[in-house]
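Structure assessment
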Protein chains: 2
Amino acid sequence: MLVLAAQAVHWRAGRRLVVTGGLLRSWVAGANDPDGDFPLNNLPCGVFSPPGGAPRCGVAIGDNVLDVAALEGAGLLAIGPGPLLARPAWNDLMAAGQPVWRALRARLTALLAEGAAERETVAPHLTPLAAATLHLPFDVAEYTDFYAGRQHAVNVGTMFRGAENALPPNWLHIPIGYNGRASTVVVSGTPVRRPLGQTRAPDADAPSFGPSRRLDIELELGAVVGQPSRMGEPVTVAQADAMIFGYVLLNDWSARDIQAWEYQPLGPFQAKAFATTISPWIVTRAALDPFRTPTPARETPLLPYLREPGPLGYDIALSVEMRPAGSDRATVISRTNARELYYASAQQLAHHASSGCAMRVGDLLGSGTISGPDSTAYGSLLELTWGGKEPLTLATGETRSFIEDGDTLSLRGHAQGAGFRIGFGPCDGAILPAPQFPTEN
Amino acid sequence: MLVLAAQAVHWRAGRRLVVTGGLLRSWVAGANDPDGDFPLNNLPCGVFSPPGGAPRCGVAIGDNVLDVAALEGAGLLAIGPGPLLARPAWNDLMAAGQPVWRALRARLTALLAEGAAERETVAPHLTPLAAATLHLPFDVAEYTDFYAGRQHAVNVGTMFRGAENALPPNWLHIPIGYNGRASTVVVSGTPVRRPLGQTRAPDADAPSFGPSRRLDIELELGAVVGQPSRMGEPVTVAQADAMIFGYVLLNDWSARDIQAWEYQPLGPFQAKAFATTISPWIVTRAALDPFRTPTPARETPLLPYLREPGPLGYDIALSVEMRPAGSDRATVISRTNARELYYASAQQLAHHASSGCAMRVGDLLGSGTISGPDSTAYGSLLELTWGGKEPLTLATGETRSFIEDGDTLSLRGHAQGAGFRIGFGPCDGAILPAPQFPTEN
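Residues numbered from 1 in each chain as written. Chains lettered and ligands numbered in written order. Predicted model: local features only at pLDDT ≥ 70, side-chain atom pairs only at ≥ 80, totals over all residues. Heavy atoms only, no water.

As a further point, take the interface of chain A and chain B. When the parts of a complex come together, some accessible area is lost, and that lost area is often taken as the interface size. Counting from both sides, the interface comprises 65 residues of chain A and, opposite them, 65 residues of chain B. Buried area between chain A and chain B, both sides added, is near 6200 Å², and the carbon and sulfur share of it is 62%. Counting the surface chain A buries against chain B, the share from its top three residues, A:Arg181, A:Leu266 and A:Phe269, is 13%. For A:Arg181, the salt bridge identified is with B:Asp363, shortest N-O distance 2.5 Å. If you look at where chain A meets chain B, you find 25 residue pairs in polar contact (both at pLDDT 80 or more). The set of elements that each furnish at least two residues to the side of chain A that touches chain B consists of β8 (143-146), β9 (177-179), β12 (196-199), β13 (208-211), α7 (237-243), α8 (256-262), α9 (270-273) and α11 (345-354) of chain A. Considering every element that reaches the side of chain A that touches chain B, the biggest residue donor is α11(A), with four residues. Looking at the side of chain A that touches chain B residue by residue, the classes come out as 36 nonpolar, 22 polar and seven charged. (Contact = heavy atoms within 4.5 Å. Buried area = accessible area lost by both parts, 1.4 Å probe. Salt bridge = Lys/Arg side-chain N within 4 Å of Asp/Glu carboxyl O. Polar contact = N/O pair within 3.5 Å; in protein donor to acceptor, adjacent residues only side chain to side chain. Helix = DSSP H or I, 4+ residues; strand = E, 2+ residues; numbered from the N terminus. Nonpolar A, V, L, I, M, F, W, Y, C, P; charged D, E, K, R; others polar.)

Before going further, it helps to spend a moment on the pattern of salt bridges. Residue and element names in this part refer to chain A. Counting across every chain of the model gives 44 salt bridges over all chains. One salt bridge in this structure joins Arg292 and Asp289, with 2.7 Å as the shortest N-O distance. Looking at Arg292, the relative accessible area reads 8%, which means it is buried. Sharing partners across several salt bridges, the network here consists of Asp216, Glu218, Asp252, Arg256 and Lys272. (Buried < 20%, exposed > 50% of the residue type's maximum accessible area, 1.4 Å probe, protein only.)

What follows concerns the relation of the copies chain A and chain B. Turning chain A through 180° and shifting it by 0.0 Å along the axis lays it on chain B, with an RMSD of 0.0 Å. The operation mapping one copy onto its partner corresponds to a two-fold rotation axis. Among all residues of chain A, the one whose C-alpha sits closest to the rotation axis is A:Gly267, at a distance of 2.1 Å. When the interface residues of chain A are mapped onto chain B, 100% of them are again interface residues, pointing to one common binding face. (Least-squares fit on C-alpha atoms with pLDDT ≥ 70 in both.)

All right, on to the environment of A:Pro168 then. Here A:Pro168 shows up in the loop between α6 (150-161) and β9. As a C-alpha pair, A:Pro168 and A:Arg213 span 45 residues in sequence and 27 Å in three-dimensional space.

The subject of this paragraph is the sheet that holds strand β5 (residues 64-67) of chain B. What links the strands of a sheet is backbone hydrogen bonding, and the strands pair in either a parallel or an antiparallel sense. Residues and elements named next belong to chain B. The strand order across the open sheet built from five strands is β6-β5-β4-β3-β7, with neighbouring strands paired in antiparallel fashion. Edge strands, defined here as strands with exactly one partner in the open sheet, are β6 (126-128) and β7 (133-135). Neighbouring strand axes in the sheet, compared pairwise and without regard to direction, differ in orientation by 45° on average. Taken together, the three bridges between β5 and β6 define a ladder with antiparallel strand orientation. (Pairing = 2+ DSSP bridges. Axes fitted to C-alpha atoms, helices over the stretch in contact; angles between N-to-C directions.)

Turning to the UniProt feature "active site" (unreviewed entry) in chain A, a few remarks are in order. All names here are of chain A. The sites that UniProt annotates as "active site" (unreviewed entry) are His152. Structurally, His152 is set in helix α6. Those residues in contact with His152 that sit more than four places away from it in its chain are Tyr147, Glu218, Thr369, Ser371, Ser380 and Glu383. (UniProt positions renumbered as here; feature names shortened; annotations may be inferred.)

Residues and elements named next belong to chain A. In this structure, the amide linkage connecting Gln264 to the following residue, Pro265, adopts the cis form with an omega of 5°. If you check the backbone angles, Leu43 has positive phi at about 55° while not being a glycine. Mapped onto the elements, Leu43 comes out in the loop between β2 (15-19) and β3 (45-49). With relative accessibility at 4%, the residue Leu43 sits in the buried group.

Our focus in this paragraph is the packing of aromatic side chains. Under the criterion given, the structure shown has 22 aromatic pairs over all chains. Aromatic side chains A:Trp101 and A:Phe245 sit 4.9 Å apart centroid to centroid with 80° between the ring planes, which places their arrangement in the edge-to-face category. Residue A:Trp101 is located in helix α4 (residues 98-112), and its partner A:Phe245 is located in strand β16 (residues 244-251); the two are separated by 144 residues in the primary sequence. Grouping residues by exposure puts A:Trp101 and A:Phe245 together as buried. With centroids separated by 4.0 Å and ring planes inclined at 20°, the aromatic side chains of A:Phe209 and B:Tyr305 adopt a geometry described as stacked. With A:Phe209 in strand β13 and B:Tyr305 in the loop between β20 (292-293) and β21 (313-314), the pair connects residues from two separate chains. (Phe/Tyr/Trp six-rings, centres within 6.5 Å; stacked < 30°, edge-to-face > 60°.)

The next subject is the sheet that holds strand β4 (residues 56-61) of chain A. Residue and element names in this part refer to chain A. Across the sheet, five strands lie side by side as β6-β5-β4-β3-β7; this open sheet has antiparallel pairing. A single partner strand is all that each edge strand has here, and the edge strands are β6 (126-128) and β7 (133-135). Direction aside, the axes of adjacent strands within the sheet are offset by 45° on average. In this structure, β4 lies alongside strand β5 (residues 64-67), joined through four bridges in antiparallel fashion. In the strand pairing of β5, Ala60 is matched with Val65.

With that out of the way, let us pick up the layout of surface pockets. Over the atoms, a rolling probe the size of a water molecule traces out where space has been left empty. All names here are of chain B. Space inside the largest pocket adds up to approximately 860 Å³. What lines the largest pocket is a set of 37 residues, among which Arg256, Asp257, Gln259, Ala260 and Trp261 lie closest to the centre. The set of elements that each furnish at least two residues to the lining of the largest pocket consists of β8 (143-146), α6 (150-161) and α8 (256-262). Along the lines of polarity and charge, the residues of the lining of the largest pocket split into 17 nonpolar, nine polar and 11 charged. (1 Å grid on protein atoms, 1.4 Å probe; cavity = no way out; pocket = protein on both sides within 12 Å on 5 of 7 lines; lining within 4 Å. Points joined across faces, edges and corners; volume = space filled by probe spheres on them.)

Let us now look at the UniProt feature "binding site: Mg(2+)" (unreviewed entry) in chain A. Residues and elements named next belong to chain A. Using the residue numbers shown here, the UniProt feature "binding site: Mg(2+)" (unreviewed entry) corresponds to Asp252, Lys272 and Thr276. On the basis of their most widely separated C-alpha atoms, the annotated residues across 25 residues gather in one place, lying no more than 7.7 Å apart. Among the annotated residues just listed, those lining the largest cavity are Asp252 and Lys272. Tracing the backbone shows Lys272 in helix α9. The class of Lys272 is buried, set by a relative accessible area of 8%. Ignoring anything within four residues of it in the chain, the contact list for Lys272 reads Tyr178, Glu218, Asp252, Trp253, Ser254, Arg256 and Gln259. In terms of polar contacts, Lys272 uses its side chain to reach the side chain of Asp252, at 2.9 Å. By secondary structure assignment, the location of Thr276 is in strand β18 (residues 276-278). Among residues more than four places away in sequence, those in contact with Thr276 are Tyr143, Thr184, Val185, Val186, Leu250, Asn251, Asp252 and Trp253.

Let's shift gears to the pairing of β3(A). All names here are of chain A. Counting buried residues in β3 gives five out of five residues, a clear majority hidden from the surface. Burial along β3 is two-sided: Cys45, Val47 and Ser49 and Gly46 and Phe48, pointing in opposite directions, are all buried. In terms of strand pairing, β3 meets β4 through four bridges, oriented antiparallel. Bridge pairing in β4 links Phe48 to Arg56.

Structure below.
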């Protein structure tokens, strides 16, 4: 079958040999552009409003978004016994399980393929992306953030503890993570207020309270959990991999000055709680399967419960752009790749459930900051400016140690196929000035 | 008005002078028992199933639970424009806001008071508590756990870092907390599986994976957030206090060996993720108002955003009991009081929102372990047995350093009025053996 063949991957000795197949051609405008984010091979899942309309589930294809909720309503999908796309969130469809995920992908691939007999029926359900308003693609159940970028951990550890003690003793054994705050996960394009918080200057006796002065990004991949696990029942890495519905880009905004003062001994809290931005499209695991790659070589073997049954990483090119207020010139400040992650999302998810922690449909797992080995490939300003000591010069001539009010930060990512790419769409956020603390009770 | 007068409290120079009024008498069996948990003064909110029935909202009164969902359905409450108790969770009512909370309390107080004209109409909606099955009283939106017990922080710090460095430098300035896992918050009576996890023995080169051998409790109070705050908009301590709907007892089960190996630098994760047990009744802030007390004296003034506008602590007597499998003899292993908490829940909530973190209806905030100044008043086995070095002897003659399979741990709490008490009901959990790790993919 064409669809499956186009996604087949061959492995030998843990290395990817061949990605068979190329672009799946579609009749939709823009879908066959080799530099477009959304070819027929992709079919990422989002929530959009057409002009004047209410939010609904959609799938990006070329320059358009397909109203799959309307298709389901019209009886053109027939993927489940009841409606799975009636709410403006993908949670119900995710909860329906892998056979339904596969059925939806196969059906949409058939409907949108070049020469599809249903073209006339489907076309009225397309809205130009330029006219669509995008929303969070799913209800975030809980949000967990990991710390799986080795170069990032080494960089931060070197700055804070010196090069000799850069990696914490547990780092090579545990996919370390902490629970984050789901209530402030927002979709690309949502402005973010600079946080207030408690900080203590290095030379101060006492802390003070005010706007963060070391506001930063973290370039991450986010895994969207599509199937649950039960309380008291751990899962294997292979089971965890199968539970993942897809991936988004994720910016874990971080206030470094608040973090430095608060994080001992219980970890990051308000330094990360004010906002997390994700890209609007869940790129499915199925679409990314041809781009799997083994996680990096290990100097210490993992405990059996964390071992990789097959390649679990992904070859996804990533970049960060920064654009000051009032300028239309963005500067690429970092280029890296998701294959740098020492632990894959499936390993993180298996660890998350290992204690018996119940995982939920809609859980979001941040990968941790993805930094490559050289200094142009770091995934945070903390690293790119080495703690603020080596400011960046932007294309506009301005310099930056950390983020200033009005700056827009944008993450981009795609997996490169032969003649097509699997893109994530934008993951952007502009920083607004800090709020006034309320004076009235 | 009788109801308000019965709850009036007078303050002078920050100290409670008088709790006016005493028991509010009710016609319901057991409600006038001075040692009962649920007099008319209490009216705590839970979810129950009558024999053979579905879960629904109920209010405990004496030896009974009142089916308030049925009362609302019969038009006997008239507290809101639409149904607020139709779902088996208190979130909708909480979201309706403080005027509705007050209206419900006033209406139930009138319906259940001695001599109430509505007695014949209301009585059929009572179910004996002994016949009711209790469920989680609300949908937990997100769960955050704090660390506000000073003696607990000193004890743990002394064991891990020595007496000189017991309190972290930020402790007297910040109500330190971390995000916990909402998916494993369970109601009293739910069995808890011993967690699996990664640990490293002090003399081992490498970690291993298996059942926790240092399983512990943490005695806490849980605050239930009943009103939201918006992203990017901090709240004052007074506003935070008004957002709290009520309180529960909370057992933050903790695997000390997993915690010790994983917690640096990102804080507790799988050591706490496997279970958190709460009591089945939300005791409302209104019911606890007469028992307010100032937080303890401070050696360092707080930053203005955290200062106490009036007494925010509560005088709530707390205890912990332990009962081995197969025995009916429980041993009280700790007695303490919630007034030990250095930071009140309202201060924790204001800190939580200070960065601009949006707070949600149904958020649960654990207070942190409540330990009193002497060694019979410690809120965890880690402290009671001083890291396992001084085992407890139970009434059965057995000894315990940490929890063994089959042990039941029970928290109890009440505020003592003149001739009545405001009780929380049970907060119990029995430990089941660790699961087998799955061998099949």
